[in-house]
Amino acid sequence: MGNVALRQESMEEMSSVADTYSADLHELTAGLLTYPETSRLKGANVRDAVDPAIHPCVPHILDVIQQFCTRKFDEAYDSAQAATETVAPSDDVNWRLLTMLASVRALGSLGRHREAVALARDIEHLIPTADPFLGFVVLWQIGVEYRRNGQLAEAFRHTYAARMEAMRLGAEQELALITNDLGSMHLESGDPVKALARYEKA
């Protein structure tokens, strides 16, 4: 009886740790979508919400988010690189993907879109085994960089895929932003009717 109770307690502790890990991962992922003008989560709020000891990359990711908020994109790239260096090959795939997302965002913010696209191609194969929320955010940001690099066909493909996942997960805020992005892409491709329809849905 005692062994059964111990196993039950151990399983509950593991479940609690997994829930905390997932929540922290989602906070960090959402934080990396921060823009100085329209930030969903300010860097200070994310810093208060997550456990910096959950992985060695987390303090660097928190720096990236804060630096995005203050438009210090060179520093954000340096912090993203430092975060990447803390991820071991044996680590959970989500940490590698999260740090690479930080680098992609930083490169894009610096106008280095070709490099951002090249890095995005290197990490895309990790998405199917990643946390679903992180996965669709990465898909979306890959689409953003393809669009900035003038590759609209690839941008549409990735952004539509991200939108489907956002719908499936019920991520309403991100879904609205993705739909708005699709409207802008339709406008750039010369289809104002579809653009207006997307803007109205967003």
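Since this is a predicted model, take the numbers as computed values, not measurements.

(A) Region of interest: the pattern of salt bridges. According to the stated counting rule, one finds four salt bridges in the structure shown. Between Arg157 and Glu154 there is a salt bridge, and its shortest N-O distance comes to 2.8 Å. Here Glu154 and Arg157 lie together in helix H8 (residues 152–169), a separation of three residues that amounts to about one turn.

(B) Looking closely at the nonpolar core. In terms of nonpolar packing, the biggest core is built from 54 residues, with Leu28, Leu32, Ile61, Trp95, Leu97, Leu98 and Val138 touching the most fellow members. Put simply, the parts of the chain that give this core at least two residues each are helix H1 (2–31), helix H3 (58–69), helix H4 (73–85), helix H5 (93–109), helix H6 (113–123), helix H7 (132–148), H8 and helix H9 (172–188). With 10 residues, the single largest contributor to this core is H7. Those residues within four positions of Val138 in sequence are excluded, and the remaining contacts are Leu97, Leu101, Ile123 and Ile127.

(C) Quick peek at unusual backbone geometry. Unlike most non-glycine residues, Arg71 shows phi in positive territory, near 65°. Following the sequence through the fold, Arg71 ends up in the loop between H3 and H4.

(D) Structural view of the environment of Pro52. With respect to the helices and strands, Pro52 occurs in the loop between helix H2 (43–49) and H3. Using a relative accessible area of 42% as the deciding quantity, one classes Pro52 as partly exposed. Separated by 28 residues in the primary sequence, Pro52 and Asp24 place their C-alpha atoms 9.1 Å from one another. With residues near it in sequence (within four places) discarded, Pro52 still touches Val58, Pro59 and Leu62.

(E) Expanded view of the packing of H7 against H9. For the pair H7 and H9, interaxial distance at closest approach is 12 Å and the crossing angle is 20°. Judged by the inter-axis angle, H7 sits roughly parallel to H9. At the point where H7 passes H9, the crossing takes the left-handed sense. Touching Phe133, Phe136, Trp140, Val144 and Arg147 of H7 are Glu174, Leu177, Ile178, Asp181, Ser184, Met185 and Glu188, all from H9. Across the contact of H7 with H9, the residue classes break down as seven nonpolar, one polar and four charged.

(F) Inspection of H4 at higher detail. The terminal C-alpha atoms of H4 lie 19 Å apart, and with 13 residues this matches the ideal 18 Å at 1.5 Å per residue to within 8%. Where H4 is concerned, the buried positions are Phe73, Ala76, Tyr77, Ser79, Ala80 and Ala83. When H4 is viewed along its axis, its buried side chains cluster within an angular range of 165° and face the same direction. When the buried face of H4 is taken as reference, the exposed residues oriented beyond 90 degrees from it are Asp74, Asp78 and Glu85. Tucked inside the fold, the buried residues of H4 contact H3 and H5.

(G) Up close: H8. Look at H8: 25 Å from first C-alpha to last across 18 residues, which is about the 26 Å you get at 1.5 Å a residue. Taken as a whole, H8 has its buried residues at Ala155, Phe156, His158, Thr159, Ala162, Arg163 and Ala166. Taken from the residues just after H8, Gly170 is the one with a positive phi, measuring 70°.

(H) Expanded view of the side chain of Asn94. Within the secondary structure layout, Asn94 lies in helix H5. Residue Asn94 is classed as buried on the basis of its relative accessible area, which comes to 7%. Side-chain polar atoms of Asn94 contact the backbone nitrogen of Asp131, separated by 2.7 Å.

Thresholds applied
- Residues numbered from 1 in each chain as written.
- Predicted model: local features only at pLDDT ≥ 70, side-chain atom pairs only at ≥ 80, totals over all residues.
- Heavy atoms only, no water.
- Salt bridge = Lys/Arg side-chain N within 4 Å of Asp/Glu carboxyl O.
- Helix = DSSP H or I, 4+ residues; strand = E, 2+ residues; numbered from the N terminus.
- Core = buried A, V, L, I, M, F, W, Y, C linked by side-chain atoms within 4.5 Å.
- Buried < 20%, exposed > 50% of the residue type's maximum accessible area, 1.4 Å probe, protein only.
- Contact = heavy atoms within 4.5 Å.
- Axes fitted to C-alpha atoms, helices over the stretch in contact; angles between N-to-C directions.
- Parallel < 35°, antiparallel > 145°, perpendicular 65-115°, else oblique.
- Left-handed = near helix turned anticlockwise from the far one by under 90°.
- Nonpolar A, V, L, I, M, F, W, Y, C, P; charged D, E, K, R; others polar.
- Expected span 1.5 Å × (residues − 1).
- Arc of directions from axis to C-beta.
- Polar contact = N/O pair within 3.5 Å; in protein donor to acceptor, adjacent residues only side chain to side chain.

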